[in-house]
Amino acid sequence: MDSHALLTVGILSAIGFCSCKNELLLNGPLDGAVGGSVEFTLINPPSPPPNLITWRFTGYTENIIVNSFSGGNETHVDYVGRISVNKTTASLKLRGLTHNDTGRYSVSFLISGVGYQGGTSLTVFDKISNVKAEANQHELVEFNSSVILTCSASGSYPSFRWFNRSADVTGSDNRTLTVVNVTRYDTGPFQCEASNAINVEMSSEVNLTIAYGPDSAVVTVKPPDSFYSSGSDITLSCSSESKPAAQFQWALNGTLLGREGPELRLENVQASQSGAYSCRAYNSKTHRSETSSPSTITVLERISGAAITSTGGVWIECKSSVILTCDAQGSIITREWRKDGNPLHGVNIDELNRTVSISPLKKEDKGYYTCQVSNPVSSETASKGLIVNCPLPPWVIVIIVIGVLIGVTAVIGISIFLLKKKGKLGLPMGRQAPQQNNASTTSAALPRAGLGNGVNVGEQNTEHQYDTIMLTSSSMSGPQAHSLKGQVSGKL
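Parameters at a glance
- Residues numbered from 1 in each chain as written.
- Predicted model: local features only at pLDDT ≥ 70, side-chain atom pairs only at ≥ 80, totals over all residues.
- Heavy atoms only, no water.
- Helix = DSSP H or I, 4+ residues; strand = E, 2+ residues; numbered from the N terminus.
- Expected span 1.5 Å × (residues − 1).
- Buried < 20%, exposed > 50% of the residue type's maximum accessible area, 1.4 Å probe, protein only.
- Core = buried A, V, L, I, M, F, W, Y, C linked by side-chain atoms within 4.5 Å.
- Contact = heavy atoms within 4.5 Å.
- Pairing = 2+ DSSP bridges.
- Axes fitted to C-alpha atoms, helices over the stretch in contact; angles between N-to-C directions.
- Disulfide = S-S within 2.5 Å.

Per an unreviewed UniProt entry, the recorded name for the protein chain is Carcinoembryonic antigen-related cell adhesion molecule 5-like isoform X3, and the organism is Clupea harengus.

See below:
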């Protein structure tokens, strides 16, 4: 080094830069990793380049790192082979960092008699490595268990963050994470992030096994229906959210059937198997159980052999009574009565619609009675005809007889009147009617007319086209017989 350079170094060392008028701006503060490198640079580099550049270190010791001038460098022994100085920008690159390199770094130089100085700092870290996350237990029960997770790492000044399924666990900037009363969503995977100013490292994943449930048990019926015909096949399935998987037991009307498993098959089911089916789900880890709501299965026997029976025959006398009974085999839900195709009204029907009572019978009760027996899976219709025999009342019969007699008498009277009017009725003068011993018979030729009982119609006279009517009385004698005896004939 020439005398001028040594003089300049001596002057700079003596004044200690405190009289400098211009402050240099450097990057930093800087962080470096052990074994790594950093570069101290000036944000406002000198212009023109200085002739002499001095870098100092203040840390565990104070040293002049280097005096750099146009003819070469004077380097402290601790930095030989570790530094490079850019004479144009006055920057310094430091390699092979150790913890002893942590401290303050400053640079100074003169340009045209004006001094410049500036400084920055460096912290040297060990890199983060060997990050591990561990749990104090791995098998837990929902709502009952708590877990403590611990994170460890190598490196300088690590800080920690926890993640559950890649989501940051709020407020977990600590080496340990405690989860109280775990839920099924706390299974993880959990990871710990360890970091410092140099690097960030993640731990391997930690997974927890959390037993939970069973949640509400649900029964599903296939095929779904409100009623089933006897002989059908029905499958009931029970499900419940649970870990580990729940164990299932089946009950009918609250009584265990001794059947286990998630499925209950009812094959060729009969009416006796109707009832409320439920399942019980049990978790052997949580020791909890849930019972489903009951599912009602209604099995109906098909309707067959529908028939109507009555207390009388088909012919039933008026004013009597009759009971019609409708029965069938199978599960009877409804009975519907009709008469001549119309709903049955105005009669007594019991609460079950099984019997119809009619008393007293009237003529209008005759007809065709049907009864439809049904349930939701089948139906049959039975029928029966009913004839009501209603004889006419005596007074009606008397009126009819009187009417007939009056009608016959009127016809005879009118016929006789007409014949007399025409002069066709009477006996010839001096002629007597033949005599009979026990009875008298009078025959007259009259026009053909309908006569009642006691009137005999004789043979037709082909010559004169007369009808002969014979009135016979076995009890007439004396003047009555004489007045009726005779024969009436003539041409009309």
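Enquirer: What is the right way to look at helix α2 (residues 394-421) in this model?
Expert: An α-helix turns once per 3.6 residues; consequently, residues spaced three or four apart project the same way. Given a rise of 1.5 Å per residue, 28 residues ought to cover 40 Å, and the 40 Å separating the end C-alpha atoms of α2 matches this to within 8%. Listed in full, the buried residues belonging to α2 are Val396, Val408, Ser415 and Leu419.

Enquirer: In this structure, what is going on with the nonpolar core? I would like to understand it.
Expert: Here is a general trend for soluble globular proteins: nonpolar side chains tend to be buried in one another's company. Within the largest apolar cluster, 24 residues are counted, with the highest numbers of intra-cluster contacts made by Phe40, Trp55, Ile65, Leu94 and Leu122. Where this core is concerned, the elements lending two or more residues are β3 (38-40), β4 (52-58), β5 (62-69), β7 (83-85), β8 (92-94), β9 (103-111) and β10 (114-125). Ignoring sequence-local partners within four residues, the contact set of Leu94 consists of Gly36, Ser37, Val38, Phe40, Tyr79, Arg82, Ile83, Asp101, Tyr105 and Leu122.

Enquirer: I would appreciate a short explanation of the sheet that holds strand β22 (residues 234-239) in the present structure.
Expert: The strands making up a sheet are joined through hydrogen bonds of the backbone, oriented either antiparallel or parallel. Spatial ordering of the open sheet is given by β20-β22-β25, a layout of 3 strands whose pairing is antiparallel. Sheet topology places β20 (218-222) and β25 (263-266) at the edges, where each strand pairs with a single neighbour. If you compare each strand with its neighbour and ignore which way they point, the axes differ by 15° on average. Sheet topology note: the β20/β22 ladder contains 5 bridges and is antiparallel. When the sheet's bridge partners are listed, Val221 is paired in β22 with Leu236.

Enquirer: Where do I start with the state of the cysteines in this structure?
Expert: One way to say it: the disulfide is the covalent bond shared by the sulfur atoms of two cysteines. Enumeration over the complete set of coordinates arrives at 3 disulfides. With its sulfur 1.8 Å from that of its partner, Cys238 forms a disulfide with Cys279. Here the S-S torsion is close to 45°, and the disulfide linking Cys238 with Cys279 is therefore right-handed. Within this pair, whereas Cys238 is found in strand β22, its partner Cys279 is found in strand β26 (residues 275-283), the two being separated by 41 residues in sequence. Taken as a pair, Cys238 and Cys279 share a single burial class, namely buried. The residue that forms a disulfide with Cys326 is Cys371, at a sulfur-sulfur distance of 2.1 Å. Linking Cys326 and Cys371, the disulfide has an S-S dihedral of approximately -85° and is accordingly described as left-handed. Here the residue Cys326 occupies a position in strand β32 (residues 322-329), and Cys371 occupies one in strand β37 (residues 367-375), the gap between them amounting to 45 residues. Each member of the pair, Cys326 as well as Cys371, is classed as buried.

Enquirer: So what exactly am I meant to see when it comes to unusual backbone geometry here?
Expert: Leaving glycine aside, a negative phi is the common case for residues, and trans is the common case for peptide bonds. Residue Pro29 is bonded to the preceding Gly28 through a cis peptide linkage, with omega at 5°. Residue position: Pro29 is located in the loop between β1 (22-23) and β2 (30-33). A cis amide bond, omega 10°, links Gly188 with the succeeding residue Pro189. With respect to the secondary-structure elements, Pro189 resides in the loop between β16 (176-179) and β17 (190-195). Phi at Ala90 takes a positive value of approximately 70°, unusual for a residue other than glycine. Within the element layout of this structure, Ala90 appears in the loop between β7 and β8. The buried category is assigned to Ala90, whose relative accessible area is 0%. Residue Asn130 is not a glycine yet carries a positive backbone phi of 55°. Looking at the secondary structure, you find Asn130 in strand β11 (residues 129-135). Residue classification places Asn130 among the exposed positions, given a relative accessible area of 56%.

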